[in-house]
Amino acid sequence: MQLSFARLLSCGMVALVVGTLLSTAGATSHAFAQEPGIVNSKYDRTHNLVVNSSDVSDLLSNWLMGSQSDQCTLLSPDDDLNGDGCLDVADIQQLAANTGTVTTLHAPFLHVAPNATAATATFTVNTNRAGKPDSSDIKDTNPGDGSCRTSNGDCTLQAAVQEANVRAGPERIVFSNSLCAGSVVIQPGTNTENWLQIDDARLTEGVTIDGYANGCGSPNTDSKGSNAVIRVELSGAVEPDAAQSKDGVNGIEIKTANNVIKGIALYSWDRQIEMTNAPATHNHIEGNIIGSNASLSLGQVKGPTNHREGVRIEFGGSHNIIGCGTYNGDTYAPCTTKSQINAARNIISGNGNDGIHLEGTSVVDNHIVGNLIGVKGDGETRLSNQADAVDFENGVQNNWLGGETAGERNVISGNGSEGIEISHTTTTQYNKVAGNYFGLNASGNRAIRNCGNGISVEDTPNYNAIYNNVIAGNYGSGVRIYRRSTHNDIYGNKIGLGANNANIPNGQSDSTCEQADYGKNGVLITGGGQYTNIHDNIIANHAEHGVNVSVNTIEEGDIQLYGDALETDFNTISHNSIYNNALQGIRLKTATNSKTKVTYTGNQGLNAPQLESANTSLVFGRACTNCKIEVFIADANGQGKTFVGSATVGVGNTFAVPVSNVNVGQSLTSTATDAQGNTSEFSAPIVVANANVGATATAVAATPIAQMTSTAAVQATNTAQAQTATAIAIATQPSLGGTATAIAVTQTAAAAPPGTCTGAHCISLPLVQR
């Protein structure tokens, strides 16, 4: 069959091509420091007088966009470098072959030593004139001379960036107070790509665009939301009809390192900010509005896949920070000063597709921290990104959404689809989602639904960690593990309740959301999701299940790749607090393959333990040999709310689990987890009898009850272990709604040692050889 471009991406083919070409370009990108040759200017796509990997990544980006429909598509005639009427790999290879050359002999540019440093220069933009990058009234007249000046004598934003790209040393671009006395909108006079590209020819010196300087607004001081005043707007809405920019026309493109963008509102671009290219590292995006205007009164209509995004990082962009943080080399540290954390908070809302999108191999160690994503500055009002709030896909690794300090928390709510999607290929791994609010306001106490799942891990990613988040109020399930996603870790989260422990279930209807069926579960594992580790979470209040391990028949188009009725096995559910879910706390769903007629059950249908008696120290029952038994105080629905003890089943399929903090009359339930990691549903509950197991009892056949490999179990069993018992008096749960009947028990035991309990309330256990 013909493979779609999306399928090629999922197979990693495109990633291989991209990585090879960028590696080739990167190897020669510093050659301009030597005496260079002169090359046709058509290769200098970023207009910085040098052909380097940034130019290659720019053409690659257009190729990816045009290739999505499996057609030969030109976004611009300038893309067809070899003149065959098509943008394809041959054009990109031709461009890569010319890296390391320059387009103009320009003395200030050519004679700067490779390792030289220069003082920071400040360029002050004093006009909102904008247009095509080669227009004489907006471009710099003499790039590299240290002065921002157009043919009209003005300093435009484009001229300032162009000068910064060529001049040796770091630069700072600010806006004159007279320009931003009220607010200023800078927008192109024509719909053209390469409108504003930060592409320092020396790759690492960096430029700062500061929209707050000179009194042009003020940074945020609110600890939860954002009260930032922004007066500089970059709009892609092309005059005179204020139409959305065309595909491929981005707001700010960053292709080098150590750049800072702050105090700007960007909207109506194809991508508001794009960081692309391997040298695009250690950049900071802070204190901006990304996707809407300064008054937050604008939202884009939904755009096609990969377009109308807020921030995109691709083709090797790494160690970038969206929010507040620092890098010392490649070592990240979060901000600890509240004023810095507040000032750096971005509002990433109102985009026509994803709010933030990371894609491709070598996109690593980026941090997204402390932002509002999908809501306005009050943290209470929806301003949707029309697709996912955040998307990590196609091989990104070791990226962070949130962090382990309170200042790194993102509020991710009100978006058109998932709060975050982690997806596509087994090399999408080791990413962290930590400490965020999904589906809630900035206070964490009211629902502002994401119209998909809070978190979705889908299409084979593995070894990603989701922890310490509050996930509540989303339209779909709190967390979904889907389509052969394996070895992902979910722990320490609150799922189905707010930060203040209020009941805020996931899976609630919302008229603003498309009526797709995402389930109404705390955690949904389906479509072959395997080896998930779900532990130490609170999962409560859902209209369906707490954890649903589901075998399902997935979409027809995916059957050839994934199969039908995929086995969803080896998922471990341990040490959680699961309660008040309307159906089951843990459910193992059964389904039949529509073609083979083979029936499967989630987690291989592992049977729940059978509890037979319980007192305040021990719980007895039967389960699979070598399985780990966890015992919980049950809620009114028989779900395991409070963990009280665990041990491993010994010989004979029987167990005695030591428990603590258990009172007479409480109801207990349990789970079993086998050596392969499958966890069962909750067992039928049992009521705790008095501490010494009273006369209300039932006789159980004389099957030996093996002690656990636990010192606590031995200590807790303060009975005549030397006895040889033929029957044991144990307590069982009274029938629901009924009264337990006292049953006479005949017990024959060997003589007990002196001082051993021999009364009617004692439990006799066989001696087990250690």
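Worth saying up front: this structure is predicted, and the values here are computed from it rather than measured.

## Looking at the overall build of the chain
So, point 1. Scanning the chain from terminus to terminus reveals nine helices and 52 strands.
So, point 2. When the 770 residues of the chain are sorted by exposure, 59% land in the buried category.
So, point 3. For the chain, the share of sequence-separated contacts (at least 6 apart) that also reach a separation of at least 24 residues comes to 77%.
So, point 4. As displayed, the chain has an accessible area near 27,800 Å², and 49% of this comes from carbon and sulfur atoms.

## Thoughts on the confidence of the model for the chain
So, point 1. On average, residues of the chain score 82 in pLDDT, and 78% of them are at 70 or above.
So, point 2. Scored below 50 in pLDDT, residues 104-115 shows 22 contacts in the model against residues more than four places distant or in partner chains.
So, point 3. Predicted confidence for residues 694-770 stays below pLDDT 50, and this span has 115 contacts to residues more than four positions away or in other chains.

## Side note on the sheet that holds strand β20 (residues 356-359)
So, point 1. Spatial ordering of the open sheet is given by β4-β9-β12-β15-β20-β23-β26-β29-β32-β35-β38-β41, a layout of 12 strands whose pairing is parallel. With partners counted over all chains shown, the strands left at the sheet margins are β4 (197-198) and β41 (586-588), one partner each.
So, point 2. Strand direction decides the pairing type here: strand β29 (residues 455-458) and strand β32 (residues 479-482), joined by four bridges, are parallel. Counterpart to Ile455 in the pairing with β32 is Val479.

## Regarding the sheet that holds strand β34 (residues 494-495)
So, point 1. Read from one edge of the open sheet, 12 strands run β3-β8-β11-β14-β19-β22-β25-β28-β31-β34-β37-β40, paired in parallel fashion. Where the open sheet ends on each side, the last strands, each with one partner, are β3 (184-186) and β40 (577-579).
So, point 2. Sheet analysis places strand β31 (residues 470-471) next to β34, joined by two bridges and oriented parallel. Bridge pairing links Val470 to Lys494 in β34.

## Let's talk about the pattern of salt bridges
So, point 1. All told, the structure shown has 21 salt bridges when counted by the stated rule.
So, point 2. A salt bridge links Lys255 to Glu253, with the nearest nitrogen and oxygen atoms 3.9 Å apart. There is no split in this pair, since Lys255 and Glu253 are both buried.
So, point 3. Put simply, Arg271 and Glu314 hold a salt bridge, and the shortest N to O gap is 3.6 Å.

Conventions we followed
Residues numbered from 1 in each chain as written. Predicted model: local features only at pLDDT ≥ 70, side-chain atom pairs only at ≥ 80, totals over all residues. Heavy atoms only, no water. Helix = DSSP H or I, 4+ residues; strand = E, 2+ residues; numbered from the N terminus. Buried < 20%, exposed > 50% of the residue type's maximum accessible area, 1.4 Å probe, protein only. Contact = heavy atoms within 4.5 Å. Areas by Shrake-Rupley, 256 points an atom, 1.4 Å probe, with all protein chains shown as cover. pLDDT = per-residue confidence, 0-100. Pairing = 2+ DSSP bridges. Salt bridge = Lys/Arg side-chain N within 4 Å of Asp/Glu carboxyl O.

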